[in-house]
Structures are given as C-alpha cells and as structure tokens.
Amino acid sequence: MLSLSNARMAAVDVGNDSIKAIFGEMEYDLNIPNIMARDTEDRPVIGIEELDSKNPLDGIHVRIHSPSLLENNAVYRVGHLATKNTNATELDPGSSKSEEDQTLVMLFTTLALDAVREENKRYFKRAGNIVDASYTLGTGLPLREVKEGKDVDYRSRLLGGVHQVEFLITPQYQGLKVNLKFDEVKVYPEGFAAYINLVMDNNLNIINKDLIDKRIIIQDIGGLSTDIAVIKNRNVDDDKAQGFNLGVSESLEMIREEVRKKHGVELDSRRDVVEILTKKHDRNHIMVKGSRTSVHDITDRILLELAKKQYRLLRNTWQKNSQTEICYFVGGGANVLKDYLKAINNNLDGYNIDFFEDEKESIWMMANAYYKLIKDFVRKQEKQRKAEEVKKPANVAK
C-alpha cells in the first residue's frame with residue numbers, strides 16, 4: 001500500500017535482541033540482530049569476486065550520513081557481520097532506546113535494505129546508483145520513555161531531514177546509496193501495541209471478544225527493560241503504566257561470561273545465548289571440544305534469579321490492581337523466562353497468567369502491532385483525502 005506521497009509502509013520493532021520489520025502489504029519482512037561495530041571503508045574480504053553471490057544480510061557494511069546522528073558519516077558492520085567483531089556493541093542496560101545512535105543506525109539500515117530490492121524499483125526513483133525512498137513508519141518505544149516525552153524528540157529527529165545509507169562492501173548492493181525520507185512517523189508505546197496485537201487482526205477487526213473488555217496486565221520483558229501496561233476499558237491506564245530497567249540482557253551477559261570461564265567457549269553475542277536457551281533440540285547444551293555439554297547449572301541459576309525479580313514486579317502490580325483478570329507475558333524475554341515464571345507461579349500465588357506458546361508470534365508481536373496501527377493510520381488518511389476531493393467540485397460550483 002502506498003500513501004499520498006508514494007511513501008511505502010514500514011512497521012519496525014527495534015528490539016534489543018534484533019530488529020523485526022514488515023513492509024508494504026506484508027510481502028516482505030526482515031529480522032536482523034541488533035548489533036553493530038565501527039569499521040573501515042575497505043573491509044578485507046576473502047573471495048571478493050564471489051561477493052555478489054552471497055546473501056546481503058550476512059555482509060551488511062554501510063556508511064550512514066544523518067543530521068540526527070551524534071556520530072555522522074561513520075562506517076559500520078551491522079547484524080551478523082558485526083557479531084564477528086571484538087568491538088561490536090549491543091545496547092547497554094539503563095540506556096534509552098530513543099537517544100542511542102545504534103537505534104537509528106539499525107532502523108535506517110533496515111529500511112535501506114528494503115529500498116534497494118529489485119522489486120521496489122516501481123516504488124522508488126532511481127538515478128544511477130542513488131535510490132530516493134520515502135516511508136510511512138510505524139514504530140515504538142518503551143512505555144517509560146513515552147511517559148518521559150522522549151517520543152516527541154525521537155519522531156522529530158526522524159522527520160527532520162534526509163538520512164543516507166551507503167552500501168560499501170555489501171553483497172549485491174555495493175556502491176548503492178539510499179536517501180531516506182519519512183512522509184509520516186508514528187511512535188507507539190510498546191505496552192499498548194502488545195494489547196492491540198492481542199485483540200485485533202491485520203484489518204483491525206476485533207478477534208478476541210472475550211478479552212476486549214477485561215482488565216488485563218501486559219508484562220513485556222525486553223532485553224534492557226520491562227514494560228507493564230494495565231489495560232482498563234480498552235485503554236492503557238497511563239497512571240498505572242510503568243517501565244523498569246530490568247531486562248534479560250544483563251543475565252544473558254552473565255551466562256556468556258560464565259560459559260567462557262567454565263568451558264572456555266566464546267559465544268559471539270547475546271543472540272547466541274538466546275539460541276542455546278530456546279532451541280528445540282539440545283536446549284541448554286553447547287559443544288565443548290566436539291563434545292555435547294550441558295550448561296543447565298549456569299542457565300538455571302541465573303535465569304531463576306531474574307524470573308523471581310520479574311515475578312515480584314507482577315505481584316506488586318497485581319496487588320495495586322486487584323480486579324485484574326489475567327496477565328500476559330510478552331516479548332523475547334518472556335520467551336526465555338517462560339518455564340521459570342510458570343514454575344514460580346505454580347509454587348506461590350497461582351495468578352492467572354498466560355504466554356504465547358508460539359515462539360514466532362511472541363517475537364514478532366510488536367512489529368505486527370505497529371503494522372496494524374500504521375496500516376489503520378494510512379487507511380484513515382486515504383479516506384480523508386478522498387472525502388476532501390469529493391468536496392472540491394462542490395466548492396468550485398459555488
């Protein structure tokens with residue numbers, strides 16, 4: 001779907017673990033690890049002749065120019081390529097998503113990867129190696145940051161100018177430059193987005209009538225923070241909504257460090273730890289010198305400790321909202337802590353809690369919600385524009 005100014009729809013969840021993005025009429029999506037590393041312009045590549053036969057997502061190497069960045073014109077490895085670097089950066093606990101260059105670098109790179117696709121030539125103007133791309137963006141920030149008003153500045157940084165992504169030694173896209181502009185940017189609070197996803201389908205029809213008028217707690221456990229939204233009368237109760245600097249990242253780093261100390265195994269990123277914790281087969285096992293080795297003792301101790309802290313947040317929130325009917329745990333962190341939280345709840349208070357058993361649904365929840373919301377916004381804009389066009393001849397006739 002294209003809106004008024006030929007802008008392409010994009011819904012992007014800049015998650016602490018990875019970026020999830022949905023484009024157009026849901027015909028394309030991307031999932032890129034949220035990790036980057038400063039680099040030089042001419043990174044060494046073995047077999048440079050075969051570069052274009054490789055997957056671009058495995059070799060994202062870009063220079064980014066934007067008036068919104070603190071470090072302008074810097075060169076980065078992004079996603080999978082950055083995990084191999086010793087100087088790779090992941091977002092730190094306590095940092096604000098809206099104020100970090102990394103958030104913007106990941107967002108711009110993700111959009112540019114969509115813009116340069118062959119299929120999108122019909123949407124965006126190309127002159128030589130330059131692509132001019134315009135997007136209508138739906139994205140989000142933690143509740144805590146929205147309550148502090150940081151969404152306003154974040155939105156204006158995106159709308160205020162042109163942001164350029166230049167692909168350097170990236171398979172298939174080497175030498176292409178993408179000029180990104182935003183037709184409109186909507187920044188949604190993450191807790192509210194989770195609620196939208198629970199009760200509405202992609203056309204914003206209500207799919208969960210049982211849930212729509214219930215009093216619900218949504219505990220969204222991310223990498224760096226936890227958002228707790230209290231839903232009453234179909235709205236987030238602003239006074240009760242809270243954000244906490246408690247996510248899974250710190251625990252993942254602790255697991256990574258202990259695995260390194262005990263087994264001498266280096267895990268490249270937090271994402272590698274998540275993979276060990278959530279994989280279908282050989283969960284909580286790693287290979288040490290070719291032998292399958294359990295790390296249960298490390299993961300159980302660290303994650304149980306975090307689950308207790310998360311449960312304490314739930315208990316405190318429920319006590320202040322005693323008429324709550326159900327709590328949904330969502331987000332990538334909930335996926336990691338699910339078994340521990342269920343065990344604690346069974347042994348203690350026995351609250352009515354629920355999880356998304358479908359791992360993919362849980363991980364893509366925010367991006368899906370932003371997609372629903374931005375699609376609805378574009379649809380209303382189009383409706384309004386058509387209504388105004390119908391009025392025009394009548395006004396002229398007068």
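Residues numbered from 1 in each chain as written. Predicted model: local features only at pLDDT ≥ 70, side-chain atom pairs only at ≥ 80, totals over all residues. Heavy atoms only, no water.

### Overview of the overall build of the chain
Spelled out, the test is: Helix and strand assignments follow DSSP, with helices taken as H or I runs no shorter than four residues and strands as E runs no shorter than two, numbered in order from the N terminus. Two things to know: the radius of gyration comes from C-alpha atoms, and the globule rule equals 2.2 Å times the number of residues to the power 0.38. Note on exposure labels: buried denotes an accessible area under 20% of the residue type's maximum, exposed denotes more than 50%, and partly exposed covers the range between, all computed with a 1.4 Å probe on protein chains only. Note on definitions: a residue-residue contact is assigned when non-hydrogen atoms from the two residues lie within 4.5 Å. Accessible surface is estimated by sampling points in the Shrake-Rupley manner with a 1.4 Å probe; for residues, cover comes only from the protein chains shown. Counting rule applied: Lys, Arg positive; Asp, Glu negative; His and chain ends not counted. The atoms used to mark charge sites are NZ of Lys, CZ of Arg, CG of Asp and CD of Glu.
Assigned secondary structure in the chain consists of 10 helices and 18 strands. Rg of the C-alpha trace for the chain: 22 Å, near the compact-globule value of 21 Å for 398 residues, within the 12% margin. C-alpha atoms of the chain, sized along the principal axes, occupy 75 × 60 × 35 Å. By residue count, 55% of the 398 residues in the chain fall in the buried class. Within the chain, residue pairs in contact and separated by at least 24 positions form 68% of the contacts whose partners lie at least 6 positions apart. About 18,300 Å² of surface is accessible on the chain, with carbon and sulfur atoms providing 47% of the total. Both charge centroids of the chain, one from 58 positive and one from 62 negative side chains, sit 3 Å from each other.

### A few points about helix α8 (residues 296–320)
As a reminder of what qualifies: In a helix, the anticipated span is given by 1.5 Å times the number of residues less one.
Here α8 contains 25 residues, and its C-alpha end-to-end distance of 36 Å stays within 8% of the 36 Å for a straight helix at 1.5 Å per residue. Among the residues making up α8, those that are buried are I298, T299, I302, L303, L306, A307, Q310, Y311, L313, L314, T317 and W318.

### Quick word on the packing of helix α1 (residues 101–115) against helix α3 (residues 150–159)
The test is simple: All axes are obtained by fitting lines to C-alpha atoms, using only the stretch in contact for helices, and the reported angles, taken between N-to-C directions, cover 0 to 180 degrees. Small angles under 35 degrees read as roughly parallel and large ones over 145 as roughly antiparallel, with 65 to 115 read as roughly perpendicular and the rest as oblique. Here a crossing is called left-handed whenever its near helix is offset anticlockwise from the far helix by less than a right angle, and right-handed whenever the offset is clockwise. The classification used treats Ala, Val, Leu, Ile, Met, Phe, Trp, Tyr, Cys and Pro as nonpolar, Asp, Glu, Lys and Arg as charged, and all other residues, Gly among them, as polar.
In contact at an axis separation of 12 Å, α1 and α3 are set at 45 degrees when each is read in the N-to-C sense. It follows that α1 is oblique to α3 by the angle criterion. Considering only the axes of α1 and α3, their crossing is right-handed. From α1, D101, T103, L104, L107 and F108 reach across to α3, where they touch Y154, R157 and L158. The residue inventory of the contact of α1 with α3, partitioned by class, reads five nonpolar, one polar and two charged.

### Observations regarding the pairing of strand β10 (residues 177–189)
To keep it simple, the criterion reads: Strand pairing is assigned whenever DSSP identifies at least 2 bridges connecting the two strands.
Bridge analysis of strand β8 (residues 130–141) against β10 gives 12 bridges, and the strand direction is parallel. Its bridge partner being in β10, A133 is matched across the sheet by L180. Bridge count between strand β9 (residues 163–167) and β10: four bridges; the pairing is antiparallel. Bridge assignment links E166 to a residue of β10, and that residue is K177.

### Quick notes on the pattern of salt bridges
This is how it is decided: What counts as a salt bridge is simple: a side-chain nitrogen of Lys or Arg found within 4 Å of a carboxyl oxygen of Asp or Glu.
Under the counting rule described, the total for this entry stands at 27 salt bridges. Among the ionic pairs, D132 bridges to K125, the shortest N-O distance being 3.9 Å. A relative accessible area of 34% places D132 in the partly exposed class. By relative accessible area, which is 61% here, K125 ends up exposed. Here E258 ties to R301 by a salt bridge, and the two come within 2.6 Å at their closest N and O atoms. Taken as a pair, E258 in helix α6 (residues 249–263) and R301 in helix α8 lie far apart in primary sequence, 43 residues in all. Salt bridges here are not isolated pairs; linked through shared partners, they connect R8, E27, D114, R117 and E119.

### Some points on the packing of aromatic side chains
How two aromatic rings sit relative to each other is set out by the distance from centre to centre and by the angle between their planes. Formally: Within 6.5 Å between ring centres, the rings of Phe, Tyr and Trp (the latter by its six-membered ring) count as paired, and their orientation is classed by plane angle as stacked under 30 degrees, edge-to-face over 60, tilted in between. Criterion for a charge above a ring: Arg CZ or Lys NZ at most 6 Å from the ring centre, at most 35 degrees from the ring normal.
Taken as a whole and assessed by the stated rule, the structure comprises nine aromatic pairs. Against the face of Y28 rests R117, its NZ or CZ located 3.6 Å from the ring centre.

### A look at the packing of α6 against helix α7 (residues 270–278)
Between α6 and α7, whose axes approach to 9 Å, the crossing angle comes to 85 degrees. As summarised for this structure, α6 and α7 are arranged roughly perpendicular, according to the angle between their axes. When α6 is examined against α7, the residues S249, L252, E253, I255 and R256 are found in contact with a partner set consisting of R270, V273, V274 and L277.

### Details of the pairing of strand β17 (residues 326–330)
As a reminder, the rule being used: The handedness rule is simple: strands pointing away from the viewer, and a clockwise path from the first strand over the helix to the second, make the crossover right-handed.
The element β17 is largely enclosed, with a buried count of five among its five residues. On β17, burial covers both faces: I326, Y328 and V330 on one face and C327 and F329 on the other are all buried. Pairing of strand β11 (residues 216–221) with β17, which is carried by five bridges, proceeds in the parallel orientation. Residue pairing across strands places Q219 opposite F329, the latter belonging to β17. Alignment of β17 against strand β18 (residues 353–355), held across three bridges, turns out to be parallel. Note that in β18 the partner of C327 across the bridge is I353. Note on the crossover from β17 through helix α9 (residues 332–347) to β18: the handedness is right-handed.

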